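Architecture at a glance
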Amino acid sequence: MKIFLIGFMGCGKSTLGRKLATKLGYDFIDLDHQIEMLAGMPIGDYFAANGEPAFRVFESKTLKEFNYPDNCVVATGGGAPCYFDNMQWINENGLSVYIEMPPAALAKRLESGKDKRPLLKDMSEEELIAFITGKLEERNPFYQQARQTVSGISLTPDALRVLVLSDV
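These numbers come from a predicted model, not from an experiment. (Residues numbered from 1 in each chain as written. Predicted model: local features only at pLDDT ≥ 70, side-chain atom pairs only at ≥ 80, totals over all residues. Heavy atoms only, no water.)

If you tally the helices and strands in the chain, you get eight helices and five strands. Scanning the chain from its N terminus toward the C terminus, one meets helices and strands in the order β-α-β-α-α-α-β-α-β-α-α-β-α. Its C-alpha atoms give the chain a radius of gyration of 15 Å, within 12% of the compact-globule value 15 Å for 168 residues. Referenced to the eigenvectors of the C-alpha coordinate spread, the extents of the chain come out at roughly 40 × 35 × 25 Å. By the burial criterion, 46% of the 168 residues in the chain qualify as buried. Partitioning the contacts of the chain with sequence separation of at least 6, the portion at a separation of at least 24 is 74%. Looking at the chain, you have 18 positive and 22 negative side-chain charges, and the mean spots of the two groups are 4 Å apart. (Helix = DSSP H or I, 4+ residues; strand = E, 2+ residues; numbered from the N terminus. Rg over C-alpha atoms; globule rule 2.2 N^0.38 Å. Buried < 20%, exposed > 50% of the residue type's maximum accessible area, 1.4 Å probe, protein only. Contact = heavy atoms within 4.5 Å. Lys, Arg positive; Asp, Glu negative; His and termini not counted. Charge placed at Lys NZ, Arg CZ, Asp CG, Glu CD.)

All right, on to helix α5 (residues 86-93) then. Along an α-helix, a turn takes 3.6 residues, which lines up residues three or four apart on a common side. Restricting attention to buried positions, one finds in α5 the residues Asn86, Met87, Trp89 and Ile90. Considered in projection along α5, the buried side chains sweep an arc of 160° and stay on one side of the axis. Summarising the contacts, the buried residues of α5 are in contact with β1 (2-6), α4 (52-65), β4 (95-100) and α7 (125-143). (Arc of directions from axis to C-beta.)

A few words now on helix α8 (residues 157-165). Looking only at α8, the buried set comprises Pro157, Leu160, Leu163 and Val164. Buried residues of α8, viewed axially, fall in a sector of 120°; they line one side. Buried residues along α8 sit against β1, α1 (13-24), β4 and β5 (148-151).

With that settled, consider the sheet that holds strand β3 (residues 72-75). Pairing in this open sheet of five strands is parallel, and the strands run β2-β3-β1-β4-β5 from one edge to the other. Two strands in the sheet have a free side with no partner beyond their single neighbour: β2 (27-30) and β5. Averaged over all pairs of adjacent strands, the angle between strand axes in this sheet comes to 20°, irrespective of strand direction. For β1 and β4, the ladder comprises four bridges, and the chain directions are parallel. In the strand pairing of β4, phenylalanine 4 is matched with serine 96. Strands β1, β4 and β5 of the sheet are contacted by α8, whose axis makes an angle of about 145° with β4. (Pairing = 2+ DSSP bridges. Axes fitted to C-alpha atoms, helices over the stretch in contact; angles between N-to-C directions.)

Notably, phenylalanine 84 is not glycine yet its phi reads approximately 55°, a positive angle. By secondary structure assignment, the location of phenylalanine 84 is in the loop between β3 and α5. Under the relative-accessibility criterion, phenylalanine 84 is labelled exposed at 52%. Backbone geometry at serine 154 places phi at a positive 60°, although glycine is not the residue there.

Let us now look at the side chain of glutamate 59. Position of glutamate 59 relative to the elements: it lies in helix α4. Glutamate 59 sits in the buried class, given a relative accessible area of 1%. Discounting chain neighbours no more than four positions away, the residues touching glutamate 59 are Ile35, Gly77, Gly79 and Ala80.

What follows is the structure, given as structure tokens:
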């Protein structure tokens, strides 16, 4: 089974995904890391050099053409489900799980790593919450197409494992 974790940056897709994969005995794939390996540069650099439209095409191609093992947990990029027919493709090719979190909780998680995210690095806490709120309004119609939605607040790998296995 392929399990695709979706949600806004900072919701825990990579951290929980890695732990969930270990608990299930599955492979773990971080789609952003795959993109960086294929591009030969960090996503921020790719964005700067080529622009967001080119990145989204590359991201969609990577999502759909990656050679996934039969049993894996995939952490997608936060925007990946929101472009082209990516969400439909995810739902047709595995179990999609939306890790939902409120903007203030996401902002708190993202605060410490802002330097690694060029888009966020100069934002105040209030600006960050406003930015996240706006992005979630745009993205929620896509995120809410997931087969499962779970609150990311206090979510443990074991609770996520139970949820995923209940869908098999």
